[in-house]
2 protein chains.
Amino acid sequence: MTTMKITTDNIDDFATGATVLGTGGGGDPYIGKLMAEQAIEEHGPVELIDPREVPDDALVIPSAMLGAPTVMVEKIPRGTEALAAFESLETHLGQEAYATMSIEAGGLNSTVPIAVAAALDLPLVDADGMGRAFPEVQMVTLTMGGISATPMSIADEKGNSLFVDTVDNEYAEAFARVTSIEMGGACMIGTYALSGAEVREHAILDSMSLAHDIGESIRTAKDRSQDPVEAVLDLTDGYELFEGKIVDVQRRTEGGFAVGEATLEGLADCDGRQLTLNFQNEHLVARDSENGVLASTPDLITVLDSETGDPITTERLAYGHRVRVIGMPCSPKWRTDEGLDLVGPEYFNYSIDYEPIETLQNQIND
Amino acid sequence: MTTMKITTDNIDDFATGATVLGTGGGGDPYIGKLMAEQAIEEHGPVELIDPREVPDDALVIPSAMLGAPTVMVEKIPRGTEALAAFESLETHLGQEAYATMSIEAGGLNSTVPIAVAAALDLPLVDADGMGRAFPEVQMVTLTMGGISATPMSIADEKGNSLFVDTVDNEYAEAFARVTSIEMGGACMIGTYALSGAEVREHAILDSMSLAHDIGESIRTAKDRSQDPVEAVLDLTDGYELFEGKIVDVQRRTEGGFAVGEATLEGLADCDGRQLTLNFQNEHLVARDSENGVLASTPDLITVLDSETGDPITTERLAYGHRVRVIGMPCSPKWRTDEGLDLVGPEYFNYSIDYEPIETLQNQIND
């Protein structure tokens, strides 16, 4: 039973590691880090608490940014809108929040709740709703647990706010998405309020401390004369899928999402091969000219800088960048029929039968 | 000081007259009439009260449908969603509503509040926010009075609901519009909650009783051997602009609106002339091949059946229909600079300098 403090000393590690788990999405780590850092400087460190410690009936209110990450790079949150969304939901529920939580693992969406926690002197639960990032509201393991995304509060930096109550989580996505577009492409939300017991049963546990460990291992790999990419793979049971140079990126903001495709030419061991990455905020499918599908949603696909091991989000992919692409197994919760209905390749219109990354790697290595 | 009862006997007159003032928009009178009729049958008649009688600090909550009228013809409200929107706003404001009110004059939006009033045993204030119908939320004289469209409650027939708070009425329009689209093209709203004193100062007074008188005069014109169109012109200080046959209707649902253009070939005195009507839910500009602009927003333009004098909404315009087009002066509130900024031809992207219909008619008749 350990409790960890999130401080200005280790916030970088959280942001970096969460970006690795964010599989290209989940928002820009730099902006998220700045927000959290500023809040910690002002209000003090944040306690990261074990989900097993949260009382059964305690109220946990996750806080998140919703929108196209491409927009968030330019539309930096003021900070007040995240608090407004959180507090409006808390008031509506008429119960004091015991803690906040990340709804997804990602550079911005793991750090927004840290900023909220610092400002409101609340602990952060070491868990999230995906164990990675996904583009749509209903795409959390909580949906499979029957937990409603609403009441959901939405706020922007201008002072606009909405309160949403829906009959299912898909409608919550629909209303929140169009609202985010009218708010300039992104907004802050309070959503999926849940109890301590529900966190334990339906969320992905220990993902924030995993993010910290991943970030720390990338930062310290050099000192330990270790390859930073190998360090990440050790912590996540992952695989290196490809090493190469980005030769093309097609990217557009469509329906409130950053949608696109990146093409990589192989280097070193991958010389002569080509990799295609498809993304909608997050990387969804990695395909290789020689071996076909290397990994697909809901397994995690992340692009790392070849030299530093730092994760690169989809909106930062750029021509000429030398990168290594890794794949990591998702939570077993996503590999159920219900999970694949929510976030499998078919949902995103790819005619791919999902195969766990372990199976695909065994086939390639046979 | 007269008070009138709205009953199943005179509801038709209200619906017909409001549709005349609806200038082609404001929703289908048949659906609205059915809703109100059913509510009156179930709960009893509704008292139409003089706005001068409402106490200064009494709370008046207008109730309305928002969306594309073309959709409303097929997506008939259940009735419960209008009540849900009204009561959610009342609860939020923490004050019992004294009365409800129409936000615009129109076949559906003058009768929805009648249904709400009947179901909740509330009176209806003899006033509205436009004196006609307009397509967007901020287009009410109340906006010029500094009255906020929010808090606004939105509800659909499936059980989804939203609560909106915005920094201005244009944002209220933006969020409500995209929400209406996600709700299938239309939704019910509670909006522009205001005091009795504000009604008197900023709303258009006596428009419901005017609607009743217009409807009654059309219905009884035959008995009085009067031309029904002339009867309407007498009550509204209006002008007959054109008599003809509809030869073309271009109509599309775009951005949540019914947008289009109708072309008429002249008959009788108008033989040899052609009329073009542009609309966005409501008729906005009437142009004649001989005389140019005959009338434009914010003045009222309405299409009436040549024989019966019944108003025809834009979604019912059809090839071959013989019609008479009338124009009526709008409220002086709309003819101010501030009013024209909100609803003048320029707002709708027509490069027309607004001229009052009286001026245009004088020029033509000179």
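Check the entry above for the structure.
Residues numbered from 1 in each chain as written. Chains lettered and ligands numbered in written order. Predicted model: local features only at pLDDT ≥ 70, side-chain atom pairs only at ≥ 80, totals over all residues. Heavy atoms only, no water.

**Points about the packing of helix H9 (residues 207-220) of chain A against helix H10 (residues 228-236) of chain A**
Residue and element names in this part refer to chain A. Quick reminder of the rule: Each axis is a line fitted through C-alpha atoms, taken for helices only over the stretch in contact, and angles between the N-to-C directions span 0 to 180 degrees. In DSSP terms, a helix is any run of H or I states spanning at least four residues, a strand is any run of E spanning at least two, and both are numbered starting from the N terminus. Roughly parallel here means an angle under 35 degrees, roughly antiparallel means over 145, roughly perpendicular means 65 to 115, and every remaining angle is called oblique. Note on convention: the crossing is left-handed when the near helix lies turned anticlockwise from the far helix by less than a right angle, right-handed when the turn is clockwise. Here, two residues are considered to be in contact whenever any of their heavy atoms come within 4.5 Å of each other. The residue classification treats Ala, Val, Leu, Ile, Met, Phe, Trp, Tyr, Cys and Pro as nonpolar and Asp, Glu, Lys and Arg as charged. All others, Gly included, are polar.
Across the interface, H9 lies against H10 with an axial gap of 8 Å and an inter-helix angle of 160°. Here H10 runs roughly antiparallel to H9, going by the angle between their axes. Relative to H10, H9 is oriented so that their crossing is right-handed. Facing H9, whose interface residues are Leu 210, Asp 213, Ile 214, Ser 217 and Ile 218, H10 presents Pro 228, Ala 231, Val 232, Leu 235 and Thr 236. Split by residue class, the contact of H9 with H10 holds seven nonpolar, two polar and one charged.

**Re the interface of chain B and chain A**
Selection criterion: Values labelled buried area give the accessible surface lost by two parts on being combined, using a 1.4 Å probe and summing over both. Whenever two N or O atoms come within 3.5 Å, that pair is a polar contact, provided that in protein one can donate a hydrogen and the other can accept it, and provided that, for residues adjacent in sequence, both atoms are side-chain atoms. Between any two strands, at least two bridges found by DSSP are needed for them to pair.
Opposite the 17 residues of chain B that make contact, chain A presents 17 residues. Taken together, both faces of the contact between chain B and chain A bury some 1600 Å²; the carbon and sulfur share is 61%. Inspection of the chain B/chain A interface yields seven residue pairs in polar contact (both at pLDDT 80 or more). Ranked by the residues each element gives to the side of chain B that touches chain A, the list is headed by helix H7 (residues 169-182) of chain B, at six residues. Class assignment for the residues of the side of chain B that touches chain A results in nine nonpolar, five polar and three charged. Of the pairings in the sheet, the one linking strand E8 (residues 161-165) of chain A to strand E8 (residues 161-165) of chain B comprises five bridges and is antiparallel in character. Bridge assignment links Phe163(A) to a residue of E8(B), and that residue is Phe163(B).

**Some thoughts on a negative patch on the surface**
Note the following rule: Within this analysis, patches are made of residues with over 30% relative accessible area and no salt bridge. Like charges are joined at 9 Å or less; nonpolar side chains (Val, Leu, Ile, Met, Phe, Trp, Tyr) at 5 Å or less. Accessible surface is estimated by sampling points in the Shrake-Rupley manner with a 1.4 Å probe; for residues, cover comes only from the protein chains shown. Take a side-chain nitrogen of Lys or Arg and a carboxyl oxygen of Asp or Glu: if they are within 4 Å of each other, that pair is a salt bridge. Only four residue types enter the tally: Lys and Arg on the positive side, Asp and Glu on the negative side, with His and both chain ends excluded. Each charge is placed at NZ for Lys, CZ for Arg, CG for Asp and CD for Glu.
Taken together, the side chains of Asp337(A), Glu338(A), Asp341(A), Glu346(A), Asp353(A) and Glu355(A) make up a negatively charged region of the molecular surface. As for its placement among the helices and strands, Glu355(A) is situated in the loop between helix H11 (337-343) and helix H12 (357-365).

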